[in-house]
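# Observations on the three-dimensional arrangement
Now for the letters of each chain:
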Amino acid sequence: MFDGKFRNQVDAAMKPVGQGLARAGITPDVITATGLIMSLGAAIAIGAGVLNLGLLLLILTGIPDLLDGAVAKASGRSSVRGAFFDSMADRITDAMLFTALAFYFVTEGSSPWLVILPVAGYATASWVSYVRAKADALGFDAHVGLVERAERIIILGVGLLFGGPVLVVSLCVIVVANLVTFAQRFARVWGQATDATPALSDRRRRRAARASATAAERRAARAERRRRSAETRRRS
């Protein structure tokens, strides 16, 4: 949601910073790697139960995530390899953060369902990411849905800020929002894939035609019954 609506504004704001870093000789890959290291620090802090420090480091990881693309464009180093590295860094970061949360709940002696909650958060986030990646690879559009990674990080940040029940609620919100987004994207791609498959598309049109014809036949039969009933009443 945020990525789709505010990406152009964010890119425009980061452009001067990206140009400055590019002139300083800093490469996009270095910035992405820096963000990955900071994410590791955030995960360690969360696992150790220092949630405020984990939140601070989590916020700081957003800075490299904003800057690596700006530096790539400013230096003319935008590449498939850079996009691949950035995407992998995001997935690794998600894995570390949710694993750290599960470890935190274990060390706190929480109930098993609380320990499973971060696992569910990571699993459903992976579904959301995979369906879009697979759709892109097949040439379909899956750029829809309730939440993306930016929203998940914001919700998680709120949970880390307040901790306790708020953290649990935040994780529940992430799981539910991920499931809704996955369903939205799956339905979108399913429809496009059906239309792109002639046999399936023709079959769907035939089913619709049969349903329409059946409905018309039922209406005609009802009209005929009403006509005969009216004739019978007149004769009597």
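For every chain, the first residue of the written sequence is number 1, and numbering continues from 1 along that sequence. Totals for whole chains, interfaces and linings use every residue, but because this is a predicted model, local features are given only for residues with pLDDT of at least 70 and side-chain atom pairs only at 80 or more, for both listing and counting. Side-chain descriptors were evaluated using all non-hydrogen atoms of the structure, hydrogens and water having been removed beforehand.

### Some points on the overall build of the protein chain
Going by this rule: Put simply, DSSP H or I for four residues or longer makes a helix, DSSP E for two residues or longer makes a strand, and each gets a number counted from the N terminus. Under the scheme applied here, a residue whose accessible area is under 20% of the maximum for its type counts as buried, over 50% as exposed, and between as partly exposed, the area being computed with a 1.4 Å probe on protein chains only. Any two residues having at least one pair of non-hydrogen atoms within 4.5 Å are treated as being in contact. Only the protein chains shown count as cover for residues, and all accessible areas are computed by the Shrake-Rupley method using a 1.4 Å probe.
When you go through the protein chain residue by residue, the secondary structure sums to eight helices and zero strands. Scanning the protein chain from its N terminus toward the C terminus, one meets helices and strands in the order α-α-α-α-α-α-α-α. For the protein chain, the proportion of its 236 residues judged to be buried stands at 31%. Sequence-distant contacts in the protein chain: of pairs separated by 6 or more residues, those separated by 24 or more amount to 75%. Summing over all exposed atoms, the protein chain offers an accessible surface of approximately 13900 Å²; the carbon and sulfur share of this is 67%.

### So, empty space enclosed by the protein
To keep it simple, the criterion reads: The rule is simple: put a 1 Å grid over the protein atoms alone, call a set of points where a 1.4 Å probe fits but cannot get out a cavity, call an open set with protein on both sides within 12 Å along at least five of seven lines a pocket, and count a residue as lining if it has an atom within 4 Å of a point. Grid points are joined across faces, edges and corners, and a volume is the space filled by probe spheres set on the points. Only Asp, Glu, Lys and Arg are considered charged, only Ala, Val, Leu, Ile, Met, Phe, Trp, Tyr, Cys and Pro nonpolar, and every remaining residue, Gly among them, polar.
Counting across every chain of the model gives one cavity of 30 Å³ or more. Here the largest cavity is characterised by a volume of approximately 50 Å³. Taken together, Asp94, Leu97, Phe98, Arg149, Arg152, Ile153 and Leu156 form the lining of the largest cavity. Class assignment for the residues of the lining of the largest cavity results in four nonpolar, no polar and three charged.

### Some details on the environment of Ser78
On the secondary structure map, Ser78 appears in the loop between helix 3 (51-75) and helix 4 (80-107). Sequence separation of Ser78 and Asp68 is 10 residues, and the distance between their C-alpha atoms is 9.6 Å. Contacts of Ser78, omitting those with residues within four sequence positions, involve Ala72 and Lys73.

### Regarding the packing of helix 3 against helix 4
Put simply, the rule reads: Axis definition: a line fitted to C-alpha atoms, limited for helices to the stretch in contact. Angles are taken between N-to-C directions and run from 0 to 180 degrees. Angle categories are assigned with fixed cut-offs, so that under 35 degrees is roughly parallel, over 145 is roughly antiparallel, 65 to 115 is roughly perpendicular, and the rest are oblique.
The contact between helix 3 and helix 4 brings their axes to 12 Å, and the two run at 175°. One element, helix 3, and the other, helix 4, form an angle in the roughly antiparallel class. Here Leu51, Leu58, Asp65 and Asp68 of helix 3 come into contact with helix 4, specifically with Asp86, Asp90, Leu97 and Tyr104. Residues belonging to the contact of helix 3 with helix 4 are distributed by class as follows: four nonpolar, no polar and four charged.

### Quick notes on a positive patch on the surface
Let me state the cut-off plainly: Two joining distances apply to patches: 9 Å for like charges and 5 Å for nonpolar side chains (Val, Leu, Ile, Met, Phe, Trp, Tyr), and every residue must have over 30% relative accessible area and no salt bridge. Here, a salt bridge means any Lys or Arg side-chain nitrogen found within 4 Å of an Asp or Glu carboxyl oxygen. We treat Lys and Arg as the positive residues and Asp and Glu as the negative residues; His and chain ends play no part in the count. The atom standing in for a charge is NZ when the residue is Lys, CZ when it is Arg, CG when it is Asp and CD when it is Glu.
Positive charge collects at one region of the surface, where Arg218, Arg219, Arg222, Arg225 and Arg226 lie side by side. Topologically, Arg225 is positioned in helix 8 (residues 198-235). We classify Arg225 as exposed; its relative accessible area is 53%.

### Here we look at helix 7 (residues 164-196)
Worth spelling out the cut-off: Take the number of residues in a helix, subtract one, and multiply by 1.5 Å to get its expected span.
The terminal C-alpha atoms of helix 7 lie 48 Å apart, and with 33 residues this matches the ideal 48 Å at 1.5 Å per residue to within 8%. Listing the buried residues of helix 7 in full gives Leu167, Val168, Ser170, Leu171, Ile174, Val175, Ala177, Asn178, Thr181, Arg185, Val189 and Thr194.

### Some points on the pattern of salt bridges
Under the definition given, this model contains nine salt bridges. A salt bridge links Arg149 to Asp65, with the nearest nitrogen and oxygen atoms 3.8 Å apart. Taken together, the positions of Arg149 in helix 6 (residues 149-162) and Asp65 in helix 3 put the pair 84 residues apart, joining distant regions of the chain. Note on Arg149: relative accessible area 17%, which makes it buried.

### A short note on the packing of aromatic side chains
Put simply, the rule reads: A pair of aromatic rings is counted whenever rings of Phe, Tyr or Trp (Trp by its six-membered ring) have centres within 6.5 Å, and the orientation is called stacked for planes under 30 degrees apart, edge-to-face for over 60 and tilted otherwise.
Applying the stated criterion to the full structure yields five aromatic pairs. Arranged with centres 6.4 Å apart and planes meeting at 45°, the rings of Phe98 and Tyr122 form a pair that is tilted. Taken as a pair, Phe98 in helix 4 and Tyr122 in helix 5 (residues 112-138) lie far apart in primary sequence, 24 residues in all. Ring centres of Tyr104 and Phe105 lie 5.5 Å apart, and the angle between their planes is 50°; on these two criteria the pair is classed as tilted. For the pair shown, Tyr104 and Phe105 are each scored as buried. Connected via pairs of aromatic rings, a cluster forms that spans Trp127, Phe182, Phe186 and Trp190.

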